[in-house]
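Read off the chains here:
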Amino acid sequence: MNVSNKNMLLHLQENLDNRLIELNKIAYQIYSNPLLTAYNMKIETPLNAKEGITELKKYITGNNFPYEVFVYYQELDRVYSSSVTYSIPEFLQNFHYSAWSREQFYQDMRSLNKPNMTKPAEIVSIFQQEVPIITYLVPSPGLSRVSKVTVFFMIKEDTLTNMLKYSNGDVILLNESLQVITSSRNSGYSKSDNLQALIRQNQVSGSVQWDGVKLLTTFLKSTNTGWKYMILLPEQEAMKQLNDTKFLFVMAFFFILLTATGVIAYTMRLNYNPLRNLKAFAENKTGRLLSNDNEIEVLHYTFDHIFKMKDELYDKVQNNYWPVKEFLLSNVLQGNFANMEECNEEGKEIGFVFNHSLCHVAIFLFAEHAINEQADRMKLITLLEQHLPEGIEGYGKTSEKNGTLIFVYAHSEVEDQDVMKLYFSNLHAWLNETYGLQTTIGVGNSYSQVSWISKSYIEASTAVDYRLIKGRNNVIYFSDISLEHTLQYNYPVQEMKALETSVIEGNMDIINKLLESLYQLINTSGMPLFEARCLCFDMINTVIKSICLVDKKHFQLKKDYPDIMSLAGFETIDELWTMVQTIITELCSRMKDGEQSDSQDLHDQLTAYIQSHYANNQFSVQAMASHFGMSQSHLSYLFKSMRDSTISDYINYLRIEKAKQLLVQTDEPLTTILLQIGYSDVSSFVRKFKNTVGTTPGAFRKTGIAK
C-alpha cells in the first residue's frame with residue numbers, strides 16, 4: 001500500500017513540477033523582456049505601458065493553470081496585470097487578501113530572494129467576489145544592481161485540488177516552509193496538532209492520531225520546487241484494502257500457476273527461445289539490424305540505448321537555460337555588473353561563467369531573410385558556442401533588431417587578438433561556404449573592466465553600420481575604423497575632469513554649462529557619429545564613477561538607467577544628445593534624492609529619540625548628542641534647521657501636551673502627573689503651563705472635564 005501511495009505521489013509531483021517550471025519560464029521571460037522594464041512601464045508613457053500590458057497577456061493566453069499574472073515594480077510602486085495597472089492600495093482593494101496586509105505585501109515583494117515562495121490558499125475578494133487563491137511568487141535572478149521587480153501568479157485553489165484527487169485518502173500539499181497549501185478533500189486531517197511534528201521528522205512514512213482515528217501517512221518531497229506531498233489514509237481503510245489485495249493476490253497466484261503450467265507446456269512444444277525474441281524486440285524498437293550480434297550483446301546494446309535516451313531527455317528538461325542566459329547576458333551588455341565575479345556568481349548555476357579577463361563584443365548581421373526563425377538562431381548560437389578556439393570563451397544571444405546575434409567573447413592575453421582575428425576570418429568563411437549565410441561581423445575592442453563591455457557593444461554596432469562603406473559580407477573591426485580617421489578636435493580632457501568635480505560637489509549649474517559646451521563640441525566639430533557615441537559613453541561613465549565616490553550607500557545602477565546599449569541605436573547627433581542629457585540629469589537627481597533621504601532619516605531618528613526620553617527628568621542635550629556621536633552645538637544646529645524649533649522648546653511642547661491629556665483623562669494629582677512627564681518642580685510647571693496654555697492646570701482640568 002505504501003509503495004502504491006508513493007507511486008501516486010510521484011505522478012502528482014511530476015505533473016505539478018512541470019506546471020511550475022512553465023511558470024518559472026514565463027517569469028524569466030518577463031524579467032528579460034525589454035518591453036516590460038520599469039522605464040517602459042511608467043504611467044507617464046501610457047502607450048508604452050499599454051504595449052507592455054498587451055505583452056504580459058501573451059504569456060498566459062492559452063495557459064489555464066494560472067488565473068492571472070502580476071508584475072510588481074518597486075521603482076514605480078505599482079502592480080501590472082495582463083489587463084490593467086494598479087497602485088498598491090488599488091490592487092489590495094480589488095484583490096483583497098484575508099491574510100496579506102499591505103505591510104506584509106511590501107515586505108514579501110522587497111525582501112523576496114531565492115528560492116521561490118508559495119502562499120497557502122486563502123480567501124481573496126476579487127472585485128467583491130470571494131475566491132480561494134494560492135499565490136506563487138518568483139523572484140528576479142537576484143542582481144543586486146538591478147531595480148527590484150517581482151513576478152507573481154494567482155492560482156485558483158480548485159485548480160490544484162482537482163489535480164490532487166485520490167480515491168484512497170486525503171492528499172495534502174505543503175509549501176517550502178511546510179505550510180499547508182491545500183488538500184484534495186479538506187477533511188480536517190491537516191489541522192491535527194501533532195501533524196506538523198510528524199512532517200518535520202522528514203520521514204517517508206508514519207502515522208498520526210485525529211479524533212481517535214489512526215491515520216497512516218506517506219510523504220514525498222520535490223527536489224525541484226521544495227514542495228512536500230502527503231497522503232493521509234485511515235488505518236481501517238488501508239487494512240481493508242490490504243486484505244482485499246491479499247485475497248486478490250492469492251486468487252491471482254493460483255490463476256497464474258494454472259496458466260503458467262499450460263503456457264510452459266505449450267511453449268516447450270513450440271521450442272520457445274526468449275532471448276531470440278528479446279533480440280527481435282530490440283531490433284524492432286531501435287531500428288538497427290543485429291543479425292551478427294549474439295543475445296548478450298543485444299542486451300548490452302539495448303541498455304546503452306535506454307541510457308542515451310535518458311540523457312537526451314534530461315537535456316531537454318533544462319528549459320530554463322535560454323531565458324536565464326539571455327537575461328544575464330543582457331545585463332552584461334548594459335553594464336549592470338560591478339565586476340566579473342558578481343556576473344559569474346549569478347550565472348554559475350547554468351554554466352554562464354567568464355574565466356578570462358579581456359572581453360569584447362561581436363555582432364553578426366545576416367542578409368535579409370537568411371535566418372528568420374528564432375529556433376534557427378538559437379541552434380546557430382549553440383553551434384558557435386561549441387566551436388571556439390582553445391582559451392577563448394563566448395556566449396551569444398539573439399536580438400530583435402534585424403535578427404542579429406550578439407556575442408561576448410573573453411580571452412586572457414592581448415596577444416590573443418591575432419588568434420581572435422584568425423577565428424573570425426575562418427568563421428566568416430565557414431558560415432558562407434557551409435551554410436550559405438551572407439554574414440557581416442562587427443567586432444569591438446577588448447576591455448578588462450566588465451562595465452566597459454557596453455562600450456565594446458557600441459563599437460561593434462558601429463562597425464556593423466560601417467558596412468555601407470566597407471561592403472556587406474565582411475568582418476569589420478572597430479580598431480580599423482578608428483585608424484582611418486584622424487580626430488578633427490581635441491579630446492575634452494579638462495571638461496571631463498571638471499564634470500567629475502562638479503558631480504562630486506553637486507553643482508548642477510556648472511554641470512549644465514559643461515553639458516552645453518560638450519554638445520557644442522559634438523555638434524560643430526564634424527566628428528563621426530561613432531566617435532560621438534564613444535564620447536557620450538565616456539561622459540556617462542564619468543558621472544557614474546563620480547557619484548559612486550560620493551554616495552555608495554544610496555546610489556545603485558537601475559536596470560533602466562543607464563541603458564548604455566541604446567547609445568548604439570541613435571542615428572543623429574540630436575537624438576543621441578537628448579538621451580545622454582536625460583541620463584546624466586537623472587543620475588545627478590538620484591544622488592540629490594539620496595542626500596535628502598539621509599537628512600530625513602536623521603530627522604526621524606532625532607525626533608524618535610526625544611519622544612522616547614522626554615519623560616525622563618534626567619534628560620539632557622549633551623546625553624542625546626553623545627548618543628548620536630556629535631557635539632552638542634552641532635546637534636542643536638541640525639535640529640533647529642530641521643524643525644525651526646530648539647530641542648528644549650520641543651521637549652516642553654511634548655510635556656505640556658502629555659500633561660493636558662493626563663489632566664483630562666485621569667484624576668491623578670498634579671504631583672503624580674509631573675513624575676510621568678519629567679518635571680520635579682510643581683510651581684515652575686504651573687507657571688510654564690499657564691504661560692503656554694493660558695490657564696492653570698487645575699482650571700484646565702475642570703474645563704476639559706466639563707466639555
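Residues numbered from 1 in each chain as written. Predicted model: local features only at pLDDT ≥ 70, side-chain atom pairs only at ≥ 80, totals over all residues. Heavy atoms only, no water.

> Just checking my understanding: could you explain the sheet that holds strand E17 (residues 475-477) for this structure?
The strands making up a sheet associate through hydrogen bonds between their backbones, and the pairing can be parallel or antiparallel. Sheet architecture is open: five strands sit in the order E14-E15-E13-E16-E17, paired in mixed fashion. Where the open sheet ends on each side, the last strands, each with one partner, are strand E14 (393-398) and E17. In this sheet, adjacent strand axes meet at a mean angle of 20° when their direction is disregarded. (Pairing = 2+ DSSP bridges. Helix = DSSP H or I, 4+ residues; strand = E, 2+ residues; numbered from the N terminus. Axes fitted to C-alpha atoms, helices over the stretch in contact; angles between N-to-C directions.)

> Please clarify how the packing of helix H23 (residues 647-665) against helix H24 (residues 670-677) should be interpreted in this entry.
A pair of packed helices can be characterised by two numbers: the angle between their axes and the separation between those axes. For the pair H23 and H24, interaxial distance at closest approach is 10 Å and the crossing angle is 140°. Classed by the angle they form, the pair H23 and H24 counts as oblique. Here H23 runs over H24; the crossing is right-handed. Packed against H23, whose contacting residues are Arg 655, Lys 658, Ala 659, Leu 662 and Leu 663, the element H24 presents Leu 670, Ile 673, Gln 676 and Ile 677 at the interface. Counted by class, the contact of H23 with H24 contains six nonpolar, one polar and two charged residues. (Parallel < 35°, antiparallel > 145°, perpendicular 65-115°, else oblique. Left-handed = near helix turned anticlockwise from the far one by under 90°. Contact = heavy atoms within 4.5 Å. Nonpolar A, V, L, I, M, F, W, Y, C, P; charged D, E, K, R; others polar.)

> Any chance you could explain the nonpolar core here in plain terms?
Side chains of nonpolar character tend, in soluble globular proteins, to be buried together. Ranked by internal contacts, the top residues of the largest apolar core, which has 66 residues, are Leu 16, Ile 30, Tyr 73, Phe 153, Leu 160 and Val 361. A per-element tally of this core places helix H1 (residues 2-32) first, with eleven residues. With 23 residues, the next largest nonpolar core counts Leu 515, Tyr 519, Val 580 and Cys 588 among its residues. (Core = buried A, V, L, I, M, F, W, Y, C linked by side-chain atoms within 4.5 Å. Buried < 20%, exposed > 50% of the residue type's maximum accessible area, 1.4 Å probe, protein only.)

> Even after reading the chapter, I still don't get a nonpolar patch on the surface, so can you show me in this structure?
Taken together, the side chains of Phe 253, Phe 254 and Leu 257 define a hydrophobic patch exposed on the protein surface, amounting to about 310 Å² of accessible area. Considering the arrangement of structural elements, one finds Leu 257 in helix H7 (residues 235-269). Among the residues examined, Leu 257 registers a relative accessible area of 45% and is labelled partly exposed. (Patch = residues over 30% accessible without salt bridge, like charges linked within 9 Å, V, L, I, M, F, W, Y side chains within 5 Å. Areas by Shrake-Rupley, 256 points an atom, 1.4 Å probe, with all protein chains shown as cover. Salt bridge = Lys/Arg side-chain N within 4 Å of Asp/Glu carboxyl O.)

> When you look at the packing of aromatic side chains in this model, what are you seeing that I'm missing?
What characterises a pair of aromatic rings is the spacing of the ring centres plus the angle enclosed by the ring planes. Under the definition given, this model contains 36 aromatic pairs. Seen in terms of ring centroids, Phe 91 and Phe 105 are 5.7 Å apart; in terms of plane orientation they differ by 45°. Their pairing is tilted. Within this pair, whereas Phe 91 is found in helix H3 (residues 88-94), its partner Phe 105 is found in helix H4 (residues 102-111), the two being separated by 14 residues in sequence. Neither residue differs from the other here; Phe 91 and Phe 105 are each classed as buried. Plain terms: the ring middles of Phe 352 and Phe 354 are 5.5 Å apart, the flat faces sit at 80° to each other, and that makes the pair edge-to-face. According to the relative accessible area criterion, Phe 352 is buried, its value standing at 1%. Three or more aromatic residues joined by ring pairs make a cluster, and in this case those are Phe 70, Tyr 72, Tyr 86, Phe 91, Phe 95, Tyr 97, Trp 100, Phe 105, Tyr 106, Phe 127 and Phe 152. Positioned above the aromatic ring of Tyr 477, the side-chain terminus of Lys 421 is 4.9 Å from the ring centre. (Phe/Tyr/Trp six-rings, centres within 6.5 Å; stacked < 30°, edge-to-face > 60°. Lys NZ or Arg CZ within 6 Å of the ring centre and 35° of its normal.)

> Even after reading the chapter, I still don't get the sheet that holds strand E2 (residues 78-81), so can you show me in this structure?
Pairing is antiparallel across the open sheet formed by seven strands, whose spatial order is E3-E2-E1-E7-E6-E5-E4. Every other strand in the sheet has two partners, leaving strand E3 (85-87) and strand E4 (95-97) as the edge strands with one partner each. Neighbour-to-neighbour, the strand axes of the sheet open up by a mean angle of 35°, direction not taken into account. Together, strand E1 (68-73), E2 and E3 form the strand contacts of helix H2 (residues 46-60), whose direction differs from that of E2 by roughly 55°.

> I'm lost on H24 in this one. Help?
Each α-helix winds once per 3.6 residues, and so residues spaced three or four apart point in a common direction. For H24, the full list of buried residues reads Ile 673, Leu 674 and Ile 677. Looking straight down H24, one finds that the buried residues subtend no more than 105° of arc, so they occupy a single side. Positioned one or two residues after H24, Gly 678 has a phi angle of 90°, which is positive. (Arc of directions from axis to C-beta.)

> Can you walk me through the pattern of salt bridges in this structure?
Opposite charge on two side chains lets them pair, provided their charged atoms get close. This model, assessed by the stated rule, comprises seven salt bridges. Between Lys 58 and Glu 55 there is a salt bridge, with its nearest N and O atoms 3.4 Å apart. Pair noted here: Lys 58 and Glu 55 are both in helix H2, with a separation of three residues, about one helical turn. Exposure remark for Lys 58: the relative accessible area of 56% places this residue in the exposed category.

> Just checking my understanding: could you explain the confidence of the model for the protein chain for this structure?
Note: predicted coordinates in regions of low pLDDT should not be interpreted at a detailed level. Per-residue confidence for the protein chain gives a mean pLDDT of 78; residues scoring 70 or more make up 75%. pLDDT under 50 marks residues 557-561. Its contacts with residues more than four places away, or in other chains, come to 28 contacts. (pLDDT = per-residue confidence, 0-100.)

> What should I look at first to understand unusual backbone geometry in this one?
Glycine aside, the phi torsion of most residues is negative, and most peptide linkages are trans. Phi at Leu 178 takes a positive value of approximately 65°, unusual for a residue other than glycine. On the accessibility criterion, Leu 178 (19% relative accessible area) is buried. The residue Asn 473 is not glycine, and still its phi comes out positive at about 60°. Residue position: Asn 473 is located in the loop between helix H15 (467-470) and E17. According to the relative accessible area criterion, Asn 473 is partly exposed, its value standing at 22%.

> Whenever I open this one, the pairing of strand E16 (residues 439-443) confuses me. Can you help?
Walk down a regular strand and you will see the side chains alternate between the two sheet faces. For E16, the buried fraction is high: five of the five residues fall into the buried class. Taking every second residue as pointing to the same face, both faces of E16 are buried, with Thr 439, Ile 441 and Val 443 on one and Thr 440 and Gly 442 on the other. Pairing of strand E13 (residues 358-366) with E16, which is carried by five bridges, proceeds in the antiparallel orientation. Residue pairing across strands places Leu 365 opposite Thr 440, the latter belonging to E16. Where E16 and E17 come together, three bridges link them in parallel fashion. Among the inter-strand pairings, Val 443 is bridged to a residue of E17, identified as Tyr 477.

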